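Tertiary structure, described
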Amino acid sequence: MKVIKRNGKAEEYNCKKIKKAINFACDGLSVNPLKLEAKFDESLFDGVTTKAIQDNLILHAKNLSTPMDDEWLLVSGRLATMDRWGIVGCYDKPFINYFEEQRNNGEWSHDNFDIYTKEEVGLIGTFVVKERDLQHTIASVETAESKYLAKNECIQMLFIGNAMLYASVEKTPQARLLRVKEFYEELSNLDWSLASPQLMNLRKGLNNASCFILAPDDDLNSIFDAFKDAAQISKNGGGLGWYLGFIRAKGSSLMGTDGGSGGVLPQVKVLNDTLVYINQAGKRKGAGTVALPIWHNDIMDFFDIQTEVGDPRSKSFDIQPQVCFMDLFMQKLEDNPQQEWITVCPHEVKEKLGIVLPNMYNEDFVEAYSEIEKAVEGGVLKVFTKYKVIDLWRKYLQVFFEKGRPYAGFMCKVNRDNPNKHDGFIYCLNLCVESFSNTKPDVYHHTCSLASLVVGRIAVNELSNKASSLTRLLNNGMMITKAPVVESENHLRDYRTIGVGIQGLADILAREWKSYEDLDFITEVCERIQYGCVRESIQMAKEYSPYPKFKGSRWDVGDIFDEYHKNSVCPDLDWLEQKQLCKQYGIYNSQLTSPAPNTSTSLFMMASAGFMPHYAEYFYEDNKDGKTPVSSMYGKDNPIFYANSIGYFKQHKLTKAVGAGQKFVDTGISAEYVLDRNIHEVTAKDVSMLVKEAWKNSTKAVYYLRTIKVGEQLVKTDELCSSCSG
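Figured I'd write up the structure that's included with this text. (Residues numbered from 1 in each chain as written. Predicted model: local features only at pLDDT ≥ 70, side-chain atom pairs only at ≥ 80, totals over all residues. Heavy atoms only, no water.)

**A short note on the overall build of the protein chain**
From N to C terminus, the protein chain includes 29 helices and 18 strands. Over its C-alpha atoms the protein chain spans a radius of gyration of 26 Å, differing by no more than 12% from the 27 Å that the globule rule assigns to 726 residues. By principal-axis analysis of the C-alpha atoms, the protein chain measures approximately 95 × 60 × 50 Å. Looking at the protein chain as a whole, 62% of its 726 residues qualify as buried. (Helix = DSSP H or I, 4+ residues; strand = E, 2+ residues; numbered from the N terminus. Rg over C-alpha atoms; globule rule 2.2 N^0.38 Å. Buried < 20%, exposed > 50% of the residue type's maximum accessible area, 1.4 Å probe, protein only.)

**Remarks on the pattern of salt bridges**
Evaluated as defined, the whole model comprises 38 salt bridges. For aspartate 191, the salt bridge is made with lysine 466, and the minimal N-O distance between the two is 3.0 Å. Residue aspartate 191 is found in the loop between helix H9 (173–188) and strand E4 (192–194), and its partner lysine 466 is found in helix H19 (residues 463–480); the two are separated by 275 residues along the sequence. Of the two residues examined, aspartate 191 and lysine 466, each falls in the buried class. (Salt bridge = Lys/Arg side-chain N within 4 Å of Asp/Glu carboxyl O.)

**A word on the side chain of serine 468**
Of note, serine 468 is situated in helix H19. Reaching out from serine 468, the side chain makes a polar contact with the side chain of arginine 535 at a distance of 3.1 Å. (Polar contact = N/O pair within 3.5 Å; in protein donor to acceptor, adjacent residues only side chain to side chain.)

**Some details on H19**
With 18 residues, H19 extends 26 Å from end C-alpha to end C-alpha; this agrees with the ideal 26 Å at 1.5 Å per step. Most of H19 is tucked away: 16 of the 18 residues are buried. (Expected span 1.5 Å × (residues − 1).)

**Structural notes on the sheet that holds strand E2 (residues 10–12)**
Taken together, three strands build an open sheet; the order of strands is E2-E1-E3 and the sheet is mixed. Strands at the two margins of the open sheet, each flanked by one partner only, are E2 and strand E3 (48–49). As judged from the two bridges shared by strand E1 (residues 2–4) and E3, these two strands associate in the parallel manner. In the strand pairing of E3, isoleucine 4 is matched with threonine 49. (Pairing = 2+ DSSP bridges.)

**Here we look at unusual backbone geometry**
Proline 406 follows arginine 405 through a cis peptide bond whose omega is 5°. When you line up the elements, proline 406 lands in the loop between helix H17 (389–403) and strand E11 (407–410). Of note in this structure, valine 433 is not a glycine but carries a positive phi near 65°. By the element assignment, valine 433 lies in the loop between helix H18 (411–417) and strand E12 (446–454). For arginine 496, which is not glycine, the phi dihedral falls at a positive 50°. Tracing the backbone shows arginine 496 in the loop between helix H20 (486–495) and strand E13 (498–503). When its relative accessible area of 12% is taken as the criterion, arginine 496 is described as buried.

**Focus on the packing of H9 against H19**
The interhelical angle for the contact between H9 and H19, taken along N-to-C directions, is 115°, at an axis separation of 11 Å. By the angle class used here, H9 and H19 are roughly perpendicular. The two elements H9 and H19 cross, and the hand of that crossing is left-handed. Note on element contacts: H19 touches H9 through Lys466, Ser469, Arg472, Leu473 and Asn476, opposite Arg179, Glu182, Phe183 and Glu186. In the contact of H9 with H19, the residues fall into two nonpolar, two polar and five charged. (Axes fitted to C-alpha atoms, helices over the stretch in contact; angles between N-to-C directions. Parallel < 35°, antiparallel > 145°, perpendicular 65-115°, else oblique. Left-handed = near helix turned anticlockwise from the far one by under 90°. Contact = heavy atoms within 4.5 Å. Nonpolar A, V, L, I, M, F, W, Y, C, P; charged D, E, K, R; others polar.)

**Structural notes on the packing of aromatic side chains**
By convention here, two paired aromatic rings are described through the distance between centres and the angle between planes. Under the counting rule described, the total for this entry stands at 41 aromatic pairs. Look at phenylalanine 325 and phenylalanine 329: their rings are 5.7 Å apart centre to centre, the planes differ by 35°, and that puts the pair in the tilted class. Each member of the pair phenylalanine 325 and phenylalanine 329 is classed as buried. Taken together, a centroid distance of 5.3 Å and an interplanar angle of 15° make the contact between tyrosine 396 and phenylalanine 400 stacked. (Phe/Tyr/Trp six-rings, centres within 6.5 Å; stacked < 30°, edge-to-face > 60°.)

**Things to note about the environment of tryptophan 108**
By the secondary structure assignment, tryptophan 108 is in the loop between helix H5 (95–104) and helix H6 (118–125). Separated by 48 residues in sequence, tryptophan 108 and glutamine 156 place their C-alpha atoms 14 Å apart. At 2.8 Å, the side chain of tryptophan 108 and the side chain of glutamate 153 are in polar contact.

**Some thoughts on the packing of helix H22 (residues 519–543) against helix H28 (residues 651–662)**
The N-to-C vectors of H22 and H28 enclose an angle of 35°; their axes lie 7 Å apart at closest approach. As for how H22 packs across H28, the hand of that crossing is right-handed. Taken together, the residues of H28 that come into contact with H22 (itself represented by Leu519, Ile522, Thr523 and Cys526) are Lys656, Ala657, Ala660 and Gly661.

**Describing the environment of phenylalanine 224**
Tracing the chain through its elements places phenylalanine 224 in helix H11 (residues 220–235). A relative accessible area of 49% means that phenylalanine 224 is categorised as partly exposed. Counting along the chain gives 46 residues from phenylalanine 224 to valine 270, while the straight-line C-alpha distance between them is 10.0 Å.

**Looking at helix H15 (residues 346–353)**
Regarding H15, the residues found buried are Pro346, His347, Glu348 and Val349. Against the buried residues of H15 lie strand E9 (340–344) and helix H16 (363–377). Trailing H15 by a residue or two, glycine 354 shows a phi angle of about 70°, which is positive.

**A few points about the side chain of asparagine 362**
Tracing the chain through its elements places asparagine 362 in the loop between H15 and H16. On the accessibility criterion, asparagine 362 (16% relative accessible area) is buried. A polar atom in the side chain of asparagine 362 sits 2.6 Å from the side chain of arginine 416. Contact partners of asparagine 362, with chain neighbours within four places excluded, come to Asp327, Cys412, Asn415 and Arg416.

**Some details on the pairing of E11**
Alternating positions in E11 separate into two faces, Tyr407 and Gly409 on one and Ala408 and Phe410 on the other, with burial throughout. The sheet contact formed by E11 and strand E17 (residues 701–702) spans two bridges and is antiparallel. When the bridges of E17 are listed, alanine 408 appears paired with valine 702.

**What about the environment of alanine 684?**
Within the secondary structure, alanine 684 sits in helix H29 (residues 684–696). Classification of alanine 684 as partly exposed rests on a relative accessible area of 49%. Taking the C-alpha atoms as reference points, alanine 684 and glutamine 398, 286 residues apart in sequence, are found 7.8 Å from one another.

Printed below as a string of structure tokens:
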């Protein structure tokens, strides 16, 4: 029997080569290679290509996997890795030769690669451990090949290339080499998970920031400049937030004409189509969220931008709506939902009352709302609507239940906790609701780089040290990122916002035999991570400088440290010592922690996604080759934990876990919720309780809601969360 090699030549079939490959892929694993040999023999025929042989081996190994025999996924991944080794050949030559080829062909085009001498590159090549490619399952390998790897890369080359760039800003050659090794070790041992823009873009010298928020002013130039910025950000792989609170309402005056304004919906439509047209470097769809405050007079139309109600020309199905709730509204809902709620036009309120309503939160908003009530009763304001609180709430719940959106942002809590409330406002949330900071029309676009600790692989007492190192990596990355627009450059310069996250909270809970009801342990995980981030940021302020807006911040005043000290569950962490050091040296970053959803990168890292419970103990991920099984990190060790996937939880109770973590997260937590009708009866009351409890338990947001119908299964997470953070 003949086989056709990749170069087109025919040779006799040699079963020993196949057995050798199978035995290599199965080495050290609790699997029987004979099972794969038997399956493979069924697919042989005269004239079969070596590619078909390899593909069949990969497929059959994948299909042998079961929840309790999931090491076949590693066998399949190893076979796919061996195939890539043969095609790419990057390990078959000295690293210096590979490095120069990548530089010459433009795959590694970042200017900072030039910092390294040939001798240093040669030494760096000795850091690379080729065999670590073999620790990746088939889902991990397929994710890397489809999303992250350049055509001439294998996984270890991606990691070493990024490590070289993150270390390139260190001040001496010796420091650079030490950091290259440190960063590479953490990345290749899968303790850190980079966000998708860093995995895709960094080596090419493109943007590696993940999250952006724009807040255009009520001005034609500002609005269309923001559209252009949105296009540039999407082109460079960023996920987008867009705040509509400054935009005048429908029916407001325009250029002296009463009733001339079309409101916010036409603007949403243009942004929607912009993101459809401008995708993320051709690798992912453009993605964004648009936010409107609950006090805006267009709110009822906004609720319907993705429903079947109303003019189809006003619909925007490719963008995610978000409602910014105020504490006053939520308190009225609690006290007496029959109370009145007035929605207004921000332009008219500014023109007639001198109140910039988007800048009002907490007590300031209560005072401003009181002035608005008087102005409405006195006939001063013309563009307004009176609702009962319960009617707005029911409309929100109806759409939220049906569509899973709009997201809910609790903006008074967000601004109350804002470390930089001395210098501005946080208007809305980003695409995945975990990253936000001060924005300002035409001056600052919130810009943040994300990466996560894969906490299921890290000892609890090592979380702070790992977080410190990851803080250094993200800050170094910020120094070399290419911001897509000027307003992002301004924000990076003045705020230096990063987001260290948590990938696989479920995995560390499973490993430690804890649950989502162990609130103190969840708080401990977040506290140890925050402590490590803060400690390193203070050290970097000592080495470089505090972030420019530090003076007057909560870090400078010190009340944020007092709050951490009060909430601490870790006696070995001294927050008051960090307070004194911060007073002496400042802090390098304005914000540091942002647990993101991590959908795509969790497949690459072979971990549960994000902060929330896992979606299934064993599920199938769709890709171009069909469905690929995905297993759980500690599924064999603690199967009972993983059997209780997110749908089994009473969702409103999970808000307590998010609130427990939020105590030591200085931005937000991406928290999606699932109502599974196969497990629980679901009513509107359940949805209402979920959002109310999220507010009461001091979380900052509710991400999307997924409702699973009877007879259906939840098989994978939403693609939206891979649009920025990974």
